[in-house]
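# Examination of the molecular architecture
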Amino acid sequence: GYSLLTGTAGGGGRVYLTLDSRLQTAAYEALNGAKGTIGVYNYQTGEILCMVSSPSFDPADPPEIRDGDTQYDGVYLNRFLSSAFTPGSVFKVVTAAAALEKLEGVASRTFHCSGSVTIGGDTITCPYVHGDMDFYGAMANSCNCVFAQLAVELGGDTLSSYAQQAGLLDGGSVSGIDTAAGTYVISENDSEVGWSGVGQYEDLANPCALMTMMGAIAGRGSAREPYLLDKVTSMTGTAARSTGTSGTMHLWNADTCQALADMLRNNVTETYGQSRFGDLPVCAKSGTAEVGQGKAPHSWFAGFVDSNDLPLAFVALVENGGGGSAGAGSAAA
């Protein structure tokens, strides 16, 4: 409706977003100056309530940003929609889903972690010796040794298929804005398959896609896809035009999603600490993504509130933020 002659008087409109400014402020402050992103959406309606990307600045008072100024790396990029990062252990949710559906009896198996395992001539390590544990314990401990071995059992083709089903590989669209695609590279090398199963190797994931996957697990196999644009009205507030609601994402079967929800809930009660989230029934997975020697790992925390009264899925990423539960987990809380 913009007119070069008369400007908005020629027929402009007011644009209403689904964002909540209070949540935006809370999320931006939770990142505390770190680079990263936080997203929250209602997985039953699709409304994105929070979408923060940091660093940022006040467009009414822009700073002078010089080339090479690391304080503002990626400042013009929306990290939530337009970036893909190494996911680290958050990807173990995908590996767990594939194991539940493809490896008969995996949920009743007992696993052992001695702190490292040799696969294909390479040593895959855990930060601790976890000892004996069941499938739930392996997820709560985020055991690299267990999930790397499960990845090799499953094979790269299967993991790629499940990452595709989870919506992590193809870019999507949020109210007409394209989101970044993720990456899963199929390897014939067992050690690389093992690393890919724990969210390393060449794995990349978009934060918005991870959040949506968590919403679909919360919905026990389906969730509304996220959208940002609520409505457009005339400048006088009349003639409202609804932008339409989002579509529906379908994930693995309901039994698989129920098992994953139970595992993610167990993560919070047994590992991350329920007290961080008050009385909210939070289900979550942390991730500590190694991104190269000399750099602190990226910190992830993604999950959902398992409640019809507050059906929220979320993702938090703190670039080079260290341990997932400590860095991104604190921001998410």
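This text gives an overview of the structure that appears in the document. A quick note: this is a predicted structure, and the numbers were derived from the prediction, not measured.

Moving on, we get to the overall build of the protein chain. The helix and strand tally for the protein chain stands at ten helices and 16 strands. Along the longest, intermediate and shortest principal axes, the C-alpha atoms of the protein chain span 70 × 45 × 40 Å. Counting the 333 residues in the protein chain, one finds 50% classified as buried. Contacts in the protein chain between residues at least 24 apart in sequence constitute 65% of all its contacts with a sequence separation of at least 6. Approximately 14900 Å² of the protein chain is accessible, and the part contributed by carbon and sulfur atoms is 47%. For the protein chain, the separation between the mean place of its 16 positive charges and that of its 33 negative charges on side chains is 7 Å.

The next thing to look at is the packing of aromatic side chains. Using the criterion set out here, one finds ten aromatic pairs in the structure. Ring centres 5.1 Å apart and planes at 70° place the aromatic pair Tyr272 and Phe301 in the edge-to-face group. With a gap of 29 residues between them, Tyr272 in helix 9 (residues 254–272) and Phe301 in strand 15 (residues 298–305) connect regions that are remote in the sequence. Above the ring of Tyr16, the side-chain terminus of Lys231 is found at 4.9 Å from the ring centroid.

The next subject is the pattern of salt bridges. For the structure on display, the rule yields five salt bridges. Between Asp20 and Arg22 there is a salt bridge whose closest N-O contact spans 2.9 Å. Residue classification places Asp20 among the buried positions, given a relative accessible area of 19%. A salt bridge links Arg109 to Glu153, with the shortest nitrogen-to-oxygen separation between them at 2.9 Å. You can see Arg109 sitting in the loop between helix 3 (92–102) and strand 4 (110–113) and its partner Glu153 sitting in helix 5 (residues 144–154), a full 44 residues away along the chain.

By size, the foremost hydrophobic cluster in this structure holds 73 residues, and its most contacted members are Met213, Ile217, Trp252 and Phe304. Element by element, the count of residues in this core is highest for helix 8 (residues 207–218), at nine residues. Sequence-distant contacts of Ile217, that is, excluding residues within four places in its chain, are made with Val93, Leu251, Trp252, Cys257, Leu260, Ala261, Leu264 and Phe304. In this structure, Cys50, Tyr272, Phe277 and Val318 belong to the second largest nonpolar core, which totals 20 residues.

A cis amide bond, omega 10°, links Ser54 with the succeeding residue Pro55. For Pro55, the position within the fold is in the loop between strand 3 (48–54) and helix 2 (79–82). Non-glycine residue Asn32 carries a positive phi angle of around 55°. Within the element layout of this structure, Asn32 appears in the loop between helix 1 (21–31) and strand 2 (36–42). A relative accessible area of 67% means that Asn32 is categorised as exposed. The phi angle at Tyr201 is positive, at roughly 55°, despite the residue not being glycine.

A few words on the sheet that holds strand 14 (residues 282–289). Ordered in space as 3-2-16-15-14, the five strands form an open sheet in which the pairing is antiparallel. Each having just a single partner strand, strand 3 and strand 14 make up the two edges of the open sheet. The sheet shows a mean angle of 5° between the axes of neighbouring strands, direction not considered. Looking at chain direction, strand 2 and strand 16 (residues 312–318) are connected through seven bridges and run antiparallel. Considered in strand 16, the bridge of Gly39 is made with Val315. Helix 1 rests against strand 2, strand 3 and strand 16 of the sheet, and its axis sits at about 35° to strand 3.

Their axes nearest at 7 Å, the elements helix 5 and helix 7 (residues 190–197) cross at an angle of 120°. With respect to helix 7, the axis of helix 5 lies oblique. Our pair here, helix 5 against helix 7, has a crossing hand that is right-handed. For the pair helix 5 and helix 7, the contacting residues are Phe147, Ala148, Ala151 and Val152 in the first and Asp190, Val193, Gly194 and Gly197 in the second.

Definitions and limits used
Residues numbered from 1 in each chain as written. Predicted model: local features only at pLDDT ≥ 70, side-chain atom pairs only at ≥ 80, totals over all residues. Heavy atoms only, no water. Helix = DSSP H or I, 4+ residues; strand = E, 2+ residues; numbered from the N terminus. Buried < 20%, exposed > 50% of the residue type's maximum accessible area, 1.4 Å probe, protein only. Contact = heavy atoms within 4.5 Å. Areas by Shrake-Rupley, 256 points an atom, 1.4 Å probe, with all protein chains shown as cover. Lys, Arg positive; Asp, Glu negative; His and termini not counted. Charge placed at Lys NZ, Arg CZ, Asp CG, Glu CD. Phe/Tyr/Trp six-rings, centres within 6.5 Å; stacked < 30°, edge-to-face > 60°. Lys NZ or Arg CZ within 6 Å of the ring centre and 35° of its normal. Salt bridge = Lys/Arg side-chain N within 4 Å of Asp/Glu carboxyl O. Core = buried A, V, L, I, M, F, W, Y, C linked by side-chain atoms within 4.5 Å. Pairing = 2+ DSSP bridges. Axes fitted to C-alpha atoms, helices over the stretch in contact; angles between N-to-C directions. Parallel < 35°, antiparallel > 145°, perpendicular 65-115°, else oblique. Left-handed = near helix turned anticlockwise from the far one by under 90°.

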